[in-house]
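Understanding the architecture of this molecule
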Amino acid sequence: GIDQPPLISENMTGIFDEAADYAGPRAVGGDLASDAHPLAVGMLISAVLGRPTSVNSAGIYTHTWKPRTADFDVFAANVPVTYYKDLGVGSAMLFYDLVGTTLELGITQGELTKANVTFMGGKQSQLTAIAKSLPTGKPRWPWNVASVSLGGTALTEMLSATVTIDESIEGSH
């Protein structure tokens with residue numbers, strides 16, 4: 001969503017009325033929550049932790065993410081991302097220059113694996129809707145294909161688990 005609180009002048013004007021108001025700092029952001037999809041979840045993790053190191057072994061890719069140790073640049077703590085939201089009426093919202101600040105991955109027995117990312121910062125514009133290309137079939141991860149291990153040992157007694165990574169990024173205007 002978009003948040004732009006007004007700035008109201010506190011100067012004395014000699015009249016009994018509210019002073020002039022001005023546009024305050026504009027902030028774009030919010031949560032993106034979804035069922036974890038094998039392709040999309042990597043993009044969500046990268047929005048918070050940055051680009052992974054990838055290794056291909058016999059056609060199987062292994063992606064390793066590590067928390068970043070430095071900012072992407074002076075304007076963005078992490079790699080900026082873009083989010084496209086189809087409004088379903090022939091138009092769409094484009095949110096860009098967003099930075100992922102919090103990542104939450106959760107599994108619960110008997111449910112689909114969940115992913116949630118909190119975005120902040122950025123800009124927004126409205127545009128004409130574009131054609132979509134969505135995955136087909138059953139691309140979600142049910143709970144029985146996710147697992148939790150500690151020190152290489154499976155924790156079979158786990159009924160649910162949530163991992164949260166919070167980068168504690170704050171906007172600066």
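Conventions and cut-offs
- Residues numbered from 1 in each chain as written.
- Predicted model: local features only at pLDDT ≥ 70, side-chain atom pairs only at ≥ 80, totals over all residues.
- Heavy atoms only, no water.
- Helix = DSSP H or I, 4+ residues; strand = E, 2+ residues; numbered from the N terminus.
- Buried < 20%, exposed > 50% of the residue type's maximum accessible area, 1.4 Å probe, protein only.
- Contact = heavy atoms within 4.5 Å.
- Areas by Shrake-Rupley, 256 points an atom, 1.4 Å probe, with all protein chains shown as cover.
- pLDDT = per-residue confidence, 0-100.
- Salt bridge = Lys/Arg side-chain N within 4 Å of Asp/Glu carboxyl O.
- Polar contact = N/O pair within 3.5 Å; in protein donor to acceptor, adjacent residues only side chain to side chain.

**Looking at the overall build of the chain**
The secondary structure content of the chain amounts to 1 helix and 14 strands. Here the chain, with 173 residues, has 23% of them falling under the buried criterion. Pairs at least 24 residues apart make up 60% of the contacts formed inside the chain by residues separated by at least 6 positions. Counting every atom, the chain has about 12,200 Å² of accessible surface; 56% of that belongs to carbon and sulfur.

**Focus on the confidence of the model for the chain**
Chain-level statistics for the chain give a pLDDT mean of 81 and a share of 83% at 70 or above. Averaged pLDDT values for the elements of the chain fall to 68 in strand 1 (residues 2-3) and rise to 93 in strand 6 (residues 53-57).

**What about the pattern of salt bridges?**
Pairs can form between side chains of opposite charge whenever their charged atoms are close. Applying the stated criterion to the full structure yields 4 salt bridges. Among the salt bridges present, the one from Asp71 reaches Arg68, with a minimum N-O distance of 3.2 Å. Note that Arg68 and Glu167 form a salt bridge whose closest N and O atoms lie 3.0 Å from each other. Taken together, the positions of Arg68 in the loop between strand 7 (60-64) and strand 8 (81-86) and Glu167 in the segment after strand 14 (160-166) put the pair 99 residues apart, joining distant regions of the chain. One connected set of salt bridges, linked through shared partners, spans Arg68, Asp71 and Glu167.

**Considerations on the side chain of Thr102**
When you line up the elements, Thr102 lands in strand 9 (residues 91-108). A polar side-chain atom of Thr102 sits 3.3 Å from a polar atom in the side chain of Asp166. Those residues in contact with Thr102 that lie beyond four places of it in its chain are Val48, Asn116, Val117, Thr118, Thr164, Ile165 and Asp166.

**Some points on the environment of Phe72**
Relative to the assigned elements, Phe72 resides in the loop between strand 7 and strand 8. Here the alpha-carbon distance between Phe72 and Gly50, two residues 22 residues apart in the chain, equals 8.7 Å. For Phe72, the residues in contact, after removing those within four places along its chain, are Arg51, Ala77, Asn78, Val79 and Pro80.

**Overview of helix 1 (residues 40-49)**
Where burial is concerned, most of helix 1 is hidden: 8 out of the 10 residues are buried. Listed in full, the buried residues belonging to helix 1 are Val41, Gly42, Leu44, Ile45, Ser46, Ala47, Val48 and Leu49. Where the residues of helix 1 are buried, they touch strand 5 (30-35), strand 8, strand 9, strand 10 (114-120) and strand 14. After helix 1 finishes, the residue Gly50 shows a positive phi value of roughly 90°.

**Concerning unusual backbone geometry**
Here the phi dihedral of Asp97 falls at roughly 60°; this positive angle occurs in a residue that is not glycine. Since its relative accessible area comes to 35%, Asp97 is described here as partly exposed. Positive phi is not limited to glycine here, since Ser168 has a value of about 50°. Inspection of the secondary structure puts Ser168 in the segment after strand 14. Of the residues examined, Ser168 reaches a relative accessible area of 55% and is grouped as exposed.

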